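A closer look at the structure
Letter by letter, the chains look like this.
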Amino acid sequence: VLVAKYRFSAQREGFNVNKLTVINDATGNFDTEVDTGAVSNITVKYTDADGVQQSTSGEISGGTITLSGLDMYVPKGGSSYLEIYADTSSYLGVSGLTYRLGIREDNDTTTFEAVGAASSTTENFTDADLAVTVDNDIQTSSSVKTFVVRSSKPTFTKVASSTTLINSENTL
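None of the values given here were measured: they were computed from a predicted structure. (Residues numbered from 1 in each chain as written. Predicted model: local features only at pLDDT ≥ 70, side-chain atom pairs only at ≥ 80, totals over all residues. Heavy atoms only, no water.)

A few points about the overall build of the protein chain
When its secondary structure is counted, the protein chain shows 0 helices and 13 strands. Looking at the protein chain residue by residue over its 172 residues, the buried ones come to 36%. Summed over its atoms, the accessible surface of the protein chain is roughly 10400 Å², and 47% of this surface lies on carbon and sulfur atoms. (Helix = DSSP H or I, 4+ residues; strand = E, 2+ residues; numbered from the N terminus. Buried < 20%, exposed > 50% of the residue type's maximum accessible area, 1.4 Å probe, protein only. Areas by Shrake-Rupley, 256 points an atom, 1.4 Å probe, with all protein chains shown as cover.)

Section: the pairing of strand β9 (residues 113-116)
Relative to β9, strand β2 (residues 15-24) runs antiparallel, the two sharing 4 bridges. The residue bridging valine 17 from the neighbouring strand is alanine 114, located in β9. With 2 bridges joining them, β9 and strand β10 (residues 122-123) adopt antiparallel strand pairing. By the bridge assignment, alanine 114 is partnered in β10 with glutamate 123. Linkage of β9 to β10, two consecutive antiparallel strands, is achieved through a turn of 5 residues, within which serine 120 is found at a positive phi near 60°. (Pairing = 2+ DSSP bridges.)

Describing the nonpolar core
Counting residues in each nonpolar core, the largest one holds 30 residues, and the members touching the most others are Phe8, Val44, Leu82, Ile84 and Leu101. Breaking this core down by element, the ones donating at least two residues are β1 (2-9), β2, β3 (41-47), β5 (64-74), β6 (79-87) and β8 (101-103). (Core = buried A, V, L, I, M, F, W, Y, C linked by side-chain atoms within 4.5 Å.)

Quick notes on the environment of aspartate 31
Within the element layout of this structure, aspartate 31 appears in the loop between β2 and β3. Given a relative accessible area of 32%, aspartate 31 falls into the partly exposed group. Sequence separation between aspartate 31 and arginine 104 is 73 residues, and the spatial gap between their C-alpha atoms is 5.8 Å. Residues within four places of aspartate 31 in sequence aside, it is in contact with Ile23, Asp25, Arg104 and Asp106. (Contact = heavy atoms within 4.5 Å.)

Observations concerning the pattern of salt bridges
A side chain with one charge may pair with a side chain of the opposite charge, provided their charged atoms come close. In the structure shown here, the tally under the stated rule is 1 salt bridge. The closest approach of N and O atoms between lysine 5 and glutamate 83, which form a salt bridge, is 3.9 Å. A residue pair is termed long-range when its members are at least 10 positions apart, and lysine 5 in strand β1 and glutamate 83 in strand β6 qualify at 78 residues. Since its relative accessible area comes to 47%, lysine 5 is described here as partly exposed. (Salt bridge = Lys/Arg side-chain N within 4 Å of Asp/Glu carboxyl O.)

So, to be careful, I would describe these as geometric facts and stop short of saying anything about function.
Take a look at the structure:
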C-alpha cells in the first residue's frame, strides 16, 4: 500500500540519498517512533542516476527502519520522488489497528545521509528538518495521514434461483 510520497529537489548541485529512516509516528512530527504490529515490512521506491527505478525493502521493528546503501539521485535544478509502501499482508490481528509512516524529521548521522554529486559534501540534516511538500506547498507533518488496517474478507454463497431473469425487474 502506497502510504507516502516525498519530493526531493536540488538547487545548487545534484545529490545522492544514501541513507534514510522511516518511522511510525502516531500523531507527531516524525521524531518519536511508535511500535506497530500492523506493518511488517516497508519498501521504498526511487530513481537512480540512470533514471532507472530502484526499490529497497526491510523489516520495520520498534516503529523504525533505517535503509542504507540507497542510490537515489536528485538532479541539479530538478526533482526526484521517493515512495514509501507498507506491507500489511501478514497482519492477522484485530481490525482497526493504525499506522502512520514517514521519513524521520529530526535526523542525525545515523538516520540520514545525502552526498553532493559534484562536491562529495555529506549532509545529514542535523541542523535542519526535512519539509514535507504536497502540491508544491510546504506542509507540516500533521498533513501525513493515518492508515487503518481492516481485517475482513467477503463471503460468497451460490444460491439457486427458482425463476428466470429477464430484461426487466423480477422478484426472486
